[in-house]
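# Observations on the model geometry
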Amino acid sequence: MNQQVHEDKQLGGMRNVWILSISMSILAICYTMITPFLPVYLLELGVEQDLVALWSGAVFGITFLIAGIMAPIWGKIADKHGKKRMALRAGFAIGIAYVIIGFVSNAWELLLGRAFLGFANGFFPAAMTMVSLSVNEKRVGQALGIFQTGLILGNIIGPFLGGAVESVVGMRPVFYVSGIAVIIATFMVLFLVKEPNISALPSKQLSADDENEAAKTAADLSKITKKGQTIAATVEHKKAVQKDTSIMGDFRHVQGQPILMQLVWLFFFMQFAIMMLQPILALYVGEMQGTMDNAAIVAGTILSIGGLAGAVTTNLWVCLGQNKGYFKTISFCLAGSGAVLLLQALPFGIWWFGALQILIGSFIVGVNPSLSAAVTLNTDPAFRGRMFGMTTTAQQFGSMIGPVFASVVSTYMGIAYVFGITGLLMLYLSYKTKMLSGAHDRVS
């Protein structure tokens, strides 16, 4: 117990986890206060109704594109100069970006403001990296579960709060309020969060003797090609963690570690699947109702109910991951989500769809904290900021491509097919993740 208390003091402990989770919740509230209502803001800026969809795609896409490009760069800087410093940079810049967007006078200025927002991004991976470094490995699942719960609560509260403020005073004040709130949350991190001392963590690096021995073994086993290559790649990766490599060098090192590469792809496809569904949900609800009247309100309510179900079940999945393994938990959550999505593709009415959304919220919420815990357990602390930067890049590109793919499917096949295809994708990912469980799961 005394050793754990001392370790927490060195790393930042649960105080870090709670402050970062509260700050992330505030950022999530502000993000979801704004994002669903950007088309409304475009109308306020004078964009014609026929062009709103085109401009909405542009102002969404520019943020994801630039954020995806910048994520590994910010992750590398965070590893070199500190995760807290990176979170502060991102938090203050995001707050300023929101305020600037509140002052724009036309769609082109909004596009530039959203581009700056994409450049400013980086709070989420920096905060998540600090959470993963603030406790020892046995408590990583619990810490990331708390962080994920804060994110979910923010995503539930934001749309309702944003809609209420917008209906009373319009869109511009929503940006001002969001910017100020983000800056306050960032000051909380500045004064209350301690930069984790990663030297207090057990390193995954090999000692010099171990490196020499492993390299010799790799040479001796050169005839056994697969095993020799695996050992050599592992040695090279461990050495690279200690070097100041280029961005492309970091990508090559991740490619040399199959488990890390598979995790990056899982992050991409998860975000791809989620963003396939979000833009068409209101349209699907309207299709089932037979009218678009109140479709947005009904769709928002259904999403919030699913989010509440997820908030309740998050810690259950965390406990399962700690006890049975994170890859096994991911596989189970993906299988449940995929099966329910296939049922949602059946157009049996709005009540059927809404009830199934509760199950979707309960299953899908277990994926991201378990993925993050798997990254934590399979990444050296000194490389973790760069790794979370790469997973963020994967998510940003998934966010870009998912809606485009969904629009093509819904246009030529129908909206219900989007749910069916997403369900099949999640079942396939569940199968692939189950195959990783035996080799890589660590149970307490």
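As the structure is a computational prediction, the values presented were derived from the model and not from experiment.

Attention now goes to the packing of helix α13 (residues 258–277) against helix α18 (residues 367–377). At their nearest, the axes of α13 and α18 sit 10 Å apart, and the two run at 160° to each other. In terms of their interaxial angle, α13 and α18 are classed as roughly antiparallel. For the pair α13 and α18, the crossing hand works out as left-handed. When α13 is examined against α18, the residues Leu263, Leu266, Phe267 and Met270 are found in contact with a partner set consisting of Val367, Asn368, Leu371, Ser372, Ala374 and Val375. Split into classes, the residues belonging to the contact of α13 with α18 amount to 8 nonpolar, 2 polar and no charged.

Turning our eyes to something else, we now look at helix α5 (residues 83–102). With 20 residues, α5 should reach 28 Å at 1.5 Å per residue; the first-to-last C-alpha distance of 29 Å fits that figure. A large share of α5 lies buried, amounting to 14 of its 20 residues.

We now examine the pattern of salt bridges. Oppositely charged side chains can form a pair if their charged atoms are brought close together. Under the definition given, this model contains 2 salt bridges. Asp79 is the partner of Arg386 in a salt bridge, and the nearest nitrogen-oxygen pair spans 2.9 Å. Of this pair, Arg386 sits in helix α19 (residues 384–412) while Asp79 sits in helix α4 (residues 52–81), and the two are 307 residues apart along the sequence. Of the two residues, Arg386 and Asp79, both sit in the buried class. Ionic contacts of the salt-bridge type, sharing partners, join the residues Asp79, Lys83 and Arg386 into one network.

This next bit is on the nonpolar core. The nonpolar side chains of soluble globular proteins are, as a tendency, buried together. Within the largest apolar cluster, 114 residues are counted, with the highest numbers of intra-cluster contacts made by Tyr41, Ile94, Leu110, Phe123, Leu263, Leu371 and Phe419. In terms of residues, this core owes the most to one element, α13, which gives 12 residues. Excluding anything up to four places from it in sequence, Leu110 contacts Tyr41, Leu42, Leu45, Val59, Ile101 and Val104.

Let us now look at the confidence of the model for the protein chain. Summarising the model, the protein chain shows a mean pLDDT of 80, and 81% of its residues fall at 70 or more. For the protein chain, per-element mean pLDDT is lowest for helix α10 (residues 208–220), which scores 44, and highest for α5, which scores 95. Note on residues 205–237: pLDDT under 50 across the span, and 29 contacts to partners over four residues away in sequence or across chains.

This brings us to the packing of helix α16 (residues 326–344) against helix α17 (residues 350–364). Packing of α16 against α17 brings their axes to within 8 Å, and their N-to-C directions diverge by 165°. Relative to α17, α16 is oriented roughly antiparallel. Two packed elements cross with a definite hand, and for α16 against α17 that hand is left-handed. Only Trp352, Phe353, Leu356, Gln357, Leu359, Ile360, Phe363 and Ile364 of α17 make contact with α16, whose side of the interface consists of Phe332, Cys333, Gly336, Ser337, Val340, Leu341, Leu343 and Gln344. Of the residues contributing to the contact of α16 with α17, the split by class is 12 nonpolar, 4 polar and no charged.

This paragraph deals with a nonpolar patch on the surface. Together, Val404, Val408, Tyr412, Met413 and Tyr417 give the surface a local cluster of nonpolar side chains, amounting to about 570 Å² of exposed area. If one sorts the elements of the nonpolar patch by residue count, α19 sits on top with 3 residues. As for its position among the elements, Tyr417 is in helix α20 (residues 415–440).

The way to describe two aromatic rings as a pair is by their centre distance and the angle between their planes. In total, this model carries 18 aromatic pairs according to the counting rule given. Ring centres of Trp55 and Trp108 lie 5.0 Å apart, and the angle between their planes is 90°; on these two criteria the pair is classed as edge-to-face. Separated by 53 residues along the polypeptide, Trp55 in helix α4 and Trp108 in helix α6 (residues 107–120) bring together distant segments of the chain. Joined through ring pairs, the aromatic side chains of Trp265, Phe268, Phe269, Phe272 and Phe405 make up one cluster. We note Arg89 situated over the ring of Trp74; from NZ or CZ to the ring centre the distance is 3.7 Å.

Calculation criteria
Residues numbered from 1 in each chain as written. Predicted model: local features only at pLDDT ≥ 70, side-chain atom pairs only at ≥ 80, totals over all residues. Heavy atoms only, no water. Axes fitted to C-alpha atoms, helices over the stretch in contact; angles between N-to-C directions. Helix = DSSP H or I, 4+ residues; strand = E, 2+ residues; numbered from the N terminus. Parallel < 35°, antiparallel > 145°, perpendicular 65-115°, else oblique. Left-handed = near helix turned anticlockwise from the far one by under 90°. Contact = heavy atoms within 4.5 Å. Nonpolar A, V, L, I, M, F, W, Y, C, P; charged D, E, K, R; others polar. Expected span 1.5 Å × (residues − 1). Buried < 20%, exposed > 50% of the residue type's maximum accessible area, 1.4 Å probe, protein only. Salt bridge = Lys/Arg side-chain N within 4 Å of Asp/Glu carboxyl O. Core = buried A, V, L, I, M, F, W, Y, C linked by side-chain atoms within 4.5 Å. pLDDT = per-residue confidence, 0-100. Patch = residues over 30% accessible without salt bridge, like charges linked within 9 Å, V, L, I, M, F, W, Y side chains within 5 Å. Areas by Shrake-Rupley, 256 points an atom, 1.4 Å probe, with all protein chains shown as cover. Phe/Tyr/Trp six-rings, centres within 6.5 Å; stacked < 30°, edge-to-face > 60°. Lys NZ or Arg CZ within 6 Å of the ring centre and 35° of its normal.

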